[in-house]
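Geometric and topological summary
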Amino acid sequence: QVQLVESGGGLVQAGGSLRLSCAASGSIFSLNGMGWFRQPLGKQRELVAGITSEGFTHYADFVKGRFTISRDNAKNTVYLQMNSLKPEDTAVYYCRHPNPRGLDYWGQGTQVTVSS
């Protein structure tokens with residue numbers, strides 16, 4: 001059973017930075033692509049960034065140039081460095097681990113609040 005634990009969220013002023021972490025257990029982490037998603041209050045969950053097992057990355061247009069996804073396979077951890085934060089980045093942020101046998105695995109989420 002894969003378990004994901006996110007951390008690093010909090011309250012920050014606009015223009016500030018946060019670094020989110022997602023630690024995975026019960027997974028052959030290095031063989032899997034990982035993703036960060038977010039869900040603003042009252043809205044649907046949306047993809048923020050993804051990273052393949054080889055380290056290739058992709059980003060939603062609304063975070064390009066501001067957010068960076070990375071991974072440390074030795075620590076079974078994926079990161080999301082968020083710079084130049086905006087109030088519209090306020091959301092609960094989740095990491096996702098794929099599951100070829102069924103529903104993907106999700107963490108419990110971490111709240112990011114950006115004040116104007």
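Quick notes on the rules
- Residues numbered from 1 in each chain as written.
- Predicted model: local features only at pLDDT ≥ 70, side-chain atom pairs only at ≥ 80, totals over all residues.
- Heavy atoms only, no water.
- Core = buried A, V, L, I, M, F, W, Y, C linked by side-chain atoms within 4.5 Å.
- Buried < 20%, exposed > 50% of the residue type's maximum accessible area, 1.4 Å probe, protein only.
- Helix = DSSP H or I, 4+ residues; strand = E, 2+ residues; numbered from the N terminus.
- Pairing = 2+ DSSP bridges.
- Axes fitted to C-alpha atoms, helices over the stretch in contact; angles between N-to-C directions.
- Disulfide = S-S within 2.5 Å.
- Phe/Tyr/Trp six-rings, centres within 6.5 Å; stacked < 30°, edge-to-face > 60°.
- Lys NZ or Arg CZ within 6 Å of the ring centre and 35° of its normal.

Some details on the nonpolar core
By size, the foremost hydrophobic cluster in this structure holds 27 residues, and its most contacted members are W36, L80, M82 and Y93. Every element with two or more residues in this core is listed here: β3 (18-25), β4 (34-39), β5 (46-51), β7 (67-72), β8 (77-82), β9 (91-97) and β11 (110-115). Per-element accounting of this core gives the leading share, four residues, to β3.

Quick word on the pairing of β9
With five of seven residues buried, β9 lies mostly within the body of the structure. Direction of pairing for β4 relative to β9: antiparallel, over a ladder of five bridges. Note that in β9 the partner of F37 across the bridge is Y94. One ladder, built from three bridges, connects β9 with β11; its direction is antiparallel.

Quick notes on the sheet that holds β3
In spatial order, the strands read β1-β3-β8-β7; together these four strands make up an open sheet with antiparallel pairing. Of all strands in the sheet, those bounded by a partner on one side alone are β1 (3-7) and β7. Averaged over all neighbouring strand pairs, the angle between strand axes comes to 15°, with direction disregarded. Strand direction decides the pairing type here: β3 and β8, joined by six bridges, are antiparallel. In the sheet register, C22 faces β8, and the bridge partner there is V78.

Topic: the state of the cysteines
Working definition: the covalent bond between the sulfur atoms of two cysteines is a disulfide. Throughout the structure, instances matching the rule amount to one disulfide. One disulfide bridge connects C22 with C95, the sulfur atoms lying 1.9 Å from each other. Judged by the sign of its S-S torsion, about 50°, the bond between C22 and C95 is right-handed. In this pair, C22 is assigned in strand β3 and C95 in strand β9, connecting sequence segments 73 residues apart. On the basis of relative accessible area, C22 is assigned to the buried category, the value being 0%. What makes C95 buried here is its relative accessible area of 0%.

Regarding the packing of aromatic side chains
Tallied over the full model, the rule gives two aromatic pairs. The interplanar angle of 85° and the centroid separation of 6.4 Å between the aromatic rings of Y94 and W106 together place this pair among those described as edge-to-face. Placement of Y94 in strand β9 and of W106 in strand β10 (residues 105-106) is noted, with a sequence separation of twelve residues between them. Judged by its relative accessible area of 33%, W106 falls in the partly exposed class. An aromatic cluster of three or more residues is present, and its members are F37, Y94 and W106. In this structure, R71 packs its charged tip against the face of F29, placed 4.5 Å from the ring centre.

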